[in-house]
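# Understanding the architecture of this molecule
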Number of protein chains: 4
Amino acid sequence: MAGNTKGVLFRLTTFGESHGLALGGVIDGCPPGLQLDGDFIQKELNRRKATGFPWETERKEKDEVEFLSGVLKGKTTGTPIGFLIRNKDTKPEDYSALKSIYRPSHADYSYKKKYGLRDHRGGGRASARETSIRVVAGAIAKLYLKRTGIDIMGWVYRIGDLQMKQDEKIPDPESISSSPLNCPSHDLSKRMISLLEKVKAEGDSVGGAIRAVISGVPAGLGEPVFDKLEADLAKAMLSIGGARGFEIGSGFEGSNMKGSYYNDAFVKNGEKVRTLTNHDGGIQGGISNGMNIAFNVAFKPAATIGKKQKTINLEEQPVEFSGKGRHDICYVPRAVVVVENMSALVLMDHLLRNRAMH
Amino acid sequence: MAGNTKGVLFRLTTFGESHGLALGGVIDGCPPGLQLDGDFIQKELNRRKATGFPWETERKEKDEVEFLSGVLKGKTTGTPIGFLIRNKDTKPEDYSALKSIYRPSHADYSYKKKYGLRDHRGGGRASARETSIRVVAGAIAKLYLKRTGIDIMGWVYRIGDLQMKQDEKIPDPESISSSPLNCPSHDLSKRMISLLEKVKAEGDSVGGAIRAVISGVPAGLGEPVFDKLEADLAKAMLSIGGARGFEIGSGFEGSNMKGSYYNDAFVKNGEKVRTLTNHDGGIQGGISNGMNIAFNVAFKPAATIGKKQKTINLEEQPVEFSGKGRHDICYVPRAVVVVENMSALVLMDHLLRNRAMH
Amino acid sequence: MAGNTKGVLFRLTTFGESHGLALGGVIDGCPPGLQLDGDFIQKELNRRKATGFPWETERKEKDEVEFLSGVLKGKTTGTPIGFLIRNKDTKPEDYSALKSIYRPSHADYSYKKKYGLRDHRGGGRASARETSIRVVAGAIAKLYLKRTGIDIMGWVYRIGDLQMKQDEKIPDPESISSSPLNCPSHDLSKRMISLLEKVKAEGDSVGGAIRAVISGVPAGLGEPVFDKLEADLAKAMLSIGGARGFEIGSGFEGSNMKGSYYNDAFVKNGEKVRTLTNHDGGIQGGISNGMNIAFNVAFKPAATIGKKQKTINLEEQPVEFSGKGRHDICYVPRAVVVVENMSALVLMDHLLRNRAMH
Amino acid sequence: MAGNTKGVLFRLTTFGESHGLALGGVIDGCPPGLQLDGDFIQKELNRRKATGFPWETERKEKDEVEFLSGVLKGKTTGTPIGFLIRNKDTKPEDYSALKSIYRPSHADYSYKKKYGLRDHRGGGRASARETSIRVVAGAIAKLYLKRTGIDIMGWVYRIGDLQMKQDEKIPDPESISSSPLNCPSHDLSKRMISLLEKVKAEGDSVGGAIRAVISGVPAGLGEPVFDKLEADLAKAMLSIGGARGFEIGSGFEGSNMKGSYYNDAFVKNGEKVRTLTNHDGGIQGGISNGMNIAFNVAFKPAATIGKKQKTINLEEQPVEFSGKGRHDICYVPRAVVVVENMSALVLMDHLLRNRAMH
């Protein structure tokens with residue numbers, strides 16, 4: 001269990017490094033008969049790609065998926081789905097200078113300590129490029145979930161110190177996709193762009209946060225006591241490179257509240273049981289209650305910056321360096337689809353796990 | 001994989017309900033030859049027990065562990081350690097009124113929807129009483145970790161809106177254990193007690209938050225990409241009843257920072273490599289870097305309150321009710337040892353997983 | 001993953017030693033709403049018990065199960081089922097002589113080498129007494145399987161060199177249970193008893209073999225390529241102490257056959273598809289095909305014998321010794337229910353795994 | 001857990017169908033720093049390939065492996081090793097006739113029943129071609145095991161009714177590799193070839209059996225009670241297509257023996273503890289004891305034969321057909337390397353699992 005497999009029944013195993021030949025994945029446990037909509041999968045991948053905005057890396061990858069197995073005449077067969085994304089635009093020479101140093105807040109030092117060696121080219125396995133494979137698998141999960149009525153939507157609610165007001169209203173999808181930063185408030189979006197330009201000019205980087213809402217979830221998903229639904233969501237989110245925090249429902253703010261205010265009262269609403277508020281974020285006792293599942297994820301600033309920084313080299317002597325390779329000023333907008341699709345993997349897995357019980 | 005087992009190599013499986021005959025656990029994968037210090041284990045359990053403070057439940061359980069296997073002459077044998085805690089002070093009749101309603105922000109409704117039936121007596125499996133088993137297993141992990149130099153310490157840093165200033169200083173252990181609320185700031189502790197008394201008088205409840213620091217962790221623990229160390233910590237924390245948020249290092253606040261400020265510069269300090277700051281919270285790329293691992297966990301207010309609340313009954317008709325059973329006004333101080341010992345389970349598991357690689 | 005948990009979705013974790021306080025188990029993943037028929041479970045346990053036959057151990061254990069959780073008003077709740085069997089008739093002093101030697105063909109030496117220490121009392125964890133827990137869990141699986149029409153029946157077809165003719169006819173259950181050796185051929189049964197008396201008089205032991213047939217299995221169970229149904233059955237059988245061989249369908253003999261003779265031709269039989277022969281034993285490509293699943297398991301002779309044997313002591317010096325503790329001359333008749341109930345665990349697990357897919 | 005992953009710590013996940021674009025695998029948990037000897041891996045693959053013998057399929061595949069990740073400068077990095085074998089010599093049109101029928105003793109019917117659809121081209125996922133990926137992964141495990149002194153050797157000991165005498169002598173490796181049937185007795189090898197020619201002329205097929213010996217295994221590998229070493233070997237063997245039986249040590253024959261004859265007496269032999277006989281096959285109580293691990297695997301005759309057979313079509317009406325595609329008369333000689341390399345996967349996994357404990 002070296003950590004490259006996710007899920008119990010809908011299982012994704014991934015491999016590949018930033019500057020190796022290819023990244024790839026195997027999905028084991030996808031139910032048979034699912035129509036694999038290639039356009040949708042490619043669109044999801046495109047949402048993750050850098051597309052020329054000034055705050056994005058200049059590395060240009062087409063991110064074309066090649067499906068190798070588990071699909072016949074466009075439908076899943078129930079056997080494992082193997083797939084590849086070839087690396088095309090690699091410049092390993094950009095990284096030769098990094099071979100001999102441990103970059104601050106990167107994974108260079110910890111990988112070296114763990115494995116005794118490391119692939120220094122573009123972060124190797126620790127590169128965010130690895131998330132492209134998660135996006136493909138999550139897109140397939142989304143296709144299945146959609147059929148059962150489950151929908152997942154994420155957006156940027158903060159970049160640096162610019163933050164949207166949090167309310168329970170779910171934004172219009174169009175307002176998200178039409179923002180280059182995946183932020184539904186277009187006013188804020190503009191100010192965020194100015195911020196990013198300024199940060200870029202300074203040779204710096206900046207973090208941010210993403211909010212996601214999962215709607216249409218039936219009551220009953222989640223496996224107490226250790227595999228509570230929010231626990232698996234938290235793990236999935238914190239497994240994304242750069243993620244530093246997770247909160248569900250009212251989260252950290254809810255810990256300030258009194259029970260009489262916080263508690264979500266049940267009411268009958270037509271045919272459906274619902275709660276008047278949703279401070280619990282749609283999960284109670286680790287099991288979905290049929291309300292929207294809503295959570296936030298915090299991301300640290302990109303570790304690579306243009307500014308000069310101090311660090312040590314492999315001989316553990318002090319050195320100075322500044323980031324030269326292609327990198328993002330702020331990767332948070334590109335992480336929205338990763339957050340969504342990691343959620344899809346978790347939901348899909350719990351849907352199958354719950355089904356086995358009945 | 002119905003969710004009652006935790007860990008890959010150091011595995012805890014738990015069972016038991018709040019008002020059943022007993023709760024219990026099985027630890028599989030504990031290395032042989034570990035001296036099981038019964039006093040220490042009991043002390044850890046005592047830290048979780050209600051001990052007569054006015055904000056605590058009146059249920060009094062001795063929480064005595066009976067070890068049934070895996071131990072010979074006080075030492076672990078490498079075979080599974082089975083153990084029990086009998087429930088003694090049960091009052092199932094207190095809960096008969098609850099049989100027919102779904103309490104707000106409890107697990108009543110979601111359990112019913114998942115399983116088709118539920119044990120209504122004291123929350124059944126969803127009761128926080130289940131965490132006593134986690135404390136026993138975590139205490140055993142702590143005994144092992146201590147031998148390798150790893151130490152874990154948690155404390156309450158917020159109750160309601162009363163919050164300690166966050167800094168990197170680790171409090172004196174004595175300052176924590178001498179506070180009835182496990183809060184190292186005794187000034188704040190006093191104000192928190194006043195708050196709790198007020199909340200109790202109102203028939204209400206209140207949440208809070210816990211900070212934990214793990215010291216002495218060698219570089220190299222954690223299994224990218226899905227089983228990153230912070231991902232497994234997040235999952236462990238969110239699996240505790242009532243937990244609603246997790247952040248590591250600078251967490252949500254760090255997402256406001258710029259890279260030049262956030263990045264943790266490596267320096268050589270005598271023989272040891274360390275970082276000047278620790279915004280990453282001791283984990284980079286999912287792997288420990290040898291610095292302290294520091295994180296926060298947010299807890300929602302206790303769901304049971306004395307105040308009258310609206311909800312629905314099993315026939316989904318509106319009803320009013322108020323909590324009568326024995327319950328905590330604020331369970332956060334009692335959760336400190338749970339946070340610590342869940343961390344111990346995670347660290348222990350990753351210690352063994354990492355060892356297998358080399 | 002220290003090996004004391006079995007199953008993916010219907011999971012049994014066991015603990016306990018032969019001369020410890022108790023043995024026990026936790027079943028996680030049992031569907032809710034199953035009526036736990038205590039009489040049936042006890043009857044299954046009784047089938048495993050020594051009941052005074054001269055070829056059986058003199059140790060007398062009542063094997064009473066105490067269910068601690070996961071059951072409410074006689075029905076499973078979907079939460080983990082914890083249960084215990086206390087050891088009552090222990091005589092650890094019988095084994096003090098064994099403390100210092102490695103008995104031939106026992107687990108003494110290999111346990112010592114693995115764990116650095118061992119529980120010498122009655123074989124500790126390696127004792128066949130451990131299988132009582134498997135019988136309880138398997139009995140619960142049987143109760144569930146029975147509702148879906150799946151039935152499992154095993155019998156002794158060989159003791160020493162006395163062997164029943166193998167044919168495809170399934171014996172009458174009554175013919176099995178009325179034989180003290182669980183052998184449906186009563187003629188052979190008598191000759192086997194004479195053999196056992198002779199072997200006992202010689203201070204020796206003898207092995208044997210068991211055949212099991214699972215009927216009513218729907219087509220579709222089994223998870224290629226590694227978790228083929230016969231692969232999981234083989235593992236389950238070889239995990240029983242003393243098991244040395246497994247063959248499904250025509251097994252070793254089938255490897256002599258030509259394809260034209262061996263191949264099982266499909267025919268339509270009324271509404272049902274079946275095969276004219278069943279050399280494949282009901283499993284093709286790792287997946288059940290709806291025919292009876294039939295297999296054999298070989299068991300070595302009991303390792304403890306009265307005759308004097310040579311071996312070495314803990315100092316690795318040669319010694320002589322002869323078995324004194326209470327032991328079976330032939331444990332194979334008592335293993336029939338273990339074979340059946342381990343099969344039940346495998347079938348149950350695959351039933352749930354298959355269900356998740358659809 | 002849909003069955004396409006093997007192992008706990010050294011984990012192989014495979015994908016791919018006989019007539020799809022490619023087969024592939026991901027090894028997760030390979031220790032870093034292992035020199036990947038490409039020549040050795042290719043040689044192992046060549047041992048599985050059909051190479052023009054008249055009893056082999058006429059399909060010619062180069063079986064060239066492309067390593068995509070986890071390797072830097074020829075050494076493993078500790079990150080997952082992804083690899084591919086492209087299918088080149090596919091003739092899906094050969095199988096169009098099979099689209100509408102269920103072939104006897106193939107996986108056609110059971111796959112259809114499980115998944116609702118199937119890939120009829122060359123057996124799809126159920127094809128023996130899938131084992132090429134196991135050979136690659138097992139070859140990597142062998143490279144690692146070799147460094148620790150563990151060696152695995154298999155050979156054909158039976159084809160049809162022609163069988164070698166079983167003794168404890170391990171054959172000379174050269175005598176195996178120089179036989180076109182991997183049978184160390186060259187006299188028998190010749191008679192086997194005559195048999196195969198005759199069987200081919202008849203349009204029939206024939207089964208056989210393989211013996212394997214693992215030497216150099218340290219005492220201590222294996223995880224009782226469910227993951228006993230022989231249990232995991234049995235599962236690995238029965239997961240190979242066509243395998244129908246497994247026996248370890250004296251196996252089925254040992255079940256005829258008396259304890260006084262069977263028991264393996266310990267002796268000190270120079271510095272090393274060994275046993276005088278090895279009826280237990282090197283494993284006691286589920287844990288290796290340092291002696292050679294020896295076992296047999298039985299294989300059924302190839303299901304595809306030229307002779308006319310009766311079966312049913314998808315409409316479940318009776319039809320006749322005869323095998324036309326390219327197929328083996330006897331695949332057992334080609335399965336020797338699969339048996340060896342599946343053993344390597346099991347040993348490697350247990351080596352790492354055992355290491356974690358200490």
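Let us look at the structure shown here. What you are looking at is a predicted structure, and each value in this text was computed from that prediction instead of being measured. Along every chain, residues carry numbers that run from 1 in the direction the sequence is written. Labels are handed out in written order, letters beginning with A for the chains and numbers beginning with 1 for the ligands. In keeping with the predicted nature of the model, local features appear solely for residues at pLDDT of at least 70, side-chain atom pairs appear and are counted solely at 80 or more, and the whole-chain, interface and lining totals rest on all residues. Just so you know, side-chain values use all the structure's heavy atoms and leave hydrogens and water out.

Here the focus is the relation of the copies chain C and chain D. With an RMSD of 0.0 Å, chain C superimposes on chain D once it is rotated by 180 degrees and translated 0.0 Å along the axis. Read as a symmetry element, the transformation amounts to a two-fold axis. The contact criterion used is simple: two residues touch if any of their non-hydrogen atoms lie within 4.5 Å. A symmetric contact is evident, with 100% of the interface residues of chain C recurring at the interface of chain D. Copies are brought into register by a least-squares superposition over C-alpha atoms of residues with pLDDT of at least 70 in both.

To continue, consider the pattern of salt bridges. Residue and element names in this part refer to chain A. We count a salt bridge whenever a side-chain nitrogen from Lys or Arg sits within 4 Å of a carboxyl oxygen from Asp or Glu. Going through the model one piece at a time under the given rule, you end up with 100 salt bridges over all chains. The partner of Glu202 in a salt bridge is Lys198, with the nearest N and O atoms 3.6 Å apart. Since its relative accessible area comes to 29%, Glu202 is described here as partly exposed. Looking at Lys198, the relative accessible area reads 48%, which means it is partly exposed. Per-residue accessibility, obtained with a 1.4 Å probe over protein chains only, is compared with the maximum for each type, and a residue is labelled buried under 20%, exposed over 50%, and partly exposed between these values.

Further remarks concern the sheet that holds strand S1 (residues 5-6) of chain A. Residues and elements named next belong to chain A. Pairs of strands are assigned from DSSP output, requiring at least two bridges between the strands. For the purposes of this entry, the term helix denotes a DSSP run of H or I that reaches at least four residues, the term strand denotes a run of E that reaches at least two, and both are numbered from the N terminus. The five strands lie next to each other as S1-S2-S3-S7-S4, forming an open sheet whose pairing is antiparallel. Every interior strand has two partners, whereas the edge strands, S1 and strand S4 (65-67), have only one. In this sheet, strand S2 (residues 11-16) lies alongside S1 in antiparallel orientation, the contact comprising two bridges. Following the sheet pairing, Lys6 is matched in S2 by Leu12.

Before going further, it helps to spend a moment on the interface of chain B and chain A. It is common to report an interface's size as the accessible area lost on association of the parts. Taken together, the contacts link 104 residues of chain B with 104 residues of chain A. Interface of chain B and chain A: buried area, both sides summed, is about 8,200 Å²; carbon and sulfur atoms make up 57% of it. The term buried area refers to how much accessible surface (probe radius 1.4 Å) is lost by two components on association, counted for both of them together. Together, B:Lys114, B:Phe226 and B:Arg244 form the three largest contributors to the area buried by chain B at its contact with chain A, with a combined 12%. Run the count over chain B and chain A and you get 16 salt bridges. As used in this structure description, the phrase polar contact means that two N or O atoms lie within 3.5 Å; if the pair is within protein, one of them must be able to donate a hydrogen and the other to accept it, and residues adjacent in sequence are counted only when both atoms belong to side chains. Where chain B packs against chain A, one counts 63 residue pairs in polar contact (both at pLDDT 80 or more). For the side of chain B that touches chain A, the residue count by class is 43 nonpolar, 32 polar and 29 charged. Put simply, Ala, Val, Leu, Ile, Met, Phe, Trp, Tyr, Cys and Pro go in the nonpolar bin, Asp, Glu, Lys and Arg in the charged bin, and everything else, Gly too, in the polar bin.

Topologically, C:Arg11 is positioned in strand S2 (residues 11-16). His is not counted, nor are the chain ends; Lys and Arg add positive charge and Asp and Glu add negative charge. For the buried residue C:Arg11, which engages in no salt bridge, the nearest side chain bearing the opposite charge is C:Asp28, 5.5 Å off. There is a polar contact of 2.9 Å between the side chain of C:Arg11 and the backbone oxygen of C:Gly7. Not counting chain neighbours up to four residues away, the residues in contact with C:Arg11 comprise B:Met1, B:Arg11, C:Thr5, C:Lys6, C:Val26, C:Ile27 and C:Asp28.

Residue and element names in this part refer to chain B. The disulfide definition used here is simple: a pair of cysteine sulfur atoms within 2.5 Å. Per the stated rule, a full pass over the model turns up zero disulfides over all chains. With no disulfide partner, Cys183 has as its closest neighbouring cysteine sulfur the one in Cys330, 11 Å distant. Residue class for Cys183 comes out buried when judged on its relative accessible area of 0%.

Attention shifts here to the interface of chain C and chain D. Contact with chain C, which involves 104 residues of that partner, is made by 104 residues of chain D. In total, chain C and chain D occlude about 8,100 Å² of area from one another, counting both sides; carbon and sulfur atoms represent 57% of this. A per-residue breakdown of the area chain C buries against chain D is headed by C:Lys114, C:Phe226 and C:Arg244, which together make up 12% of the total. Our count for the contact surface shared by chain C and chain D stands at 16 salt bridges. Linking C:Lys235 and D:Asp232 is a salt bridge whose minimum nitrogen-to-oxygen distance equals 2.7 Å. Counting the contacts that link chain C with chain D gives 63 residue pairs in polar contact (both at pLDDT 80 or more). Looking at the side of chain C that touches chain D residue by residue, the class counts come to 43 nonpolar, 32 polar and 29 charged.

All names here are of chain A. You can see Lys75 is positioned in strand S6 (residues 75-76). Among the residues examined, Lys75 registers a relative accessible area of 36% and is labelled partly exposed. Separated by 20 residues in sequence, Lys75 and Tyr95 place their C-alpha atoms 41 Å apart. Residues contacting Lys75, with those up to four places away along its chain left out, are Gly33, Leu34, Gln35 and Gly70.

What follows deals with unusual backbone geometry. Cis geometry is found at the peptide bond from B:Pro224 to B:Val225, where omega equals 5 degrees. Secondary-structure assignment places B:Val225 in the loop between strand S11 (208-215) and helix H6 (229-238). Look at C:Lys73: it is not a glycine, yet its phi comes out positive at around 50 degrees. Looking at the element boundaries, C:Lys73 is found in the loop between strand S5 (71-72) and strand S6 (75-76).

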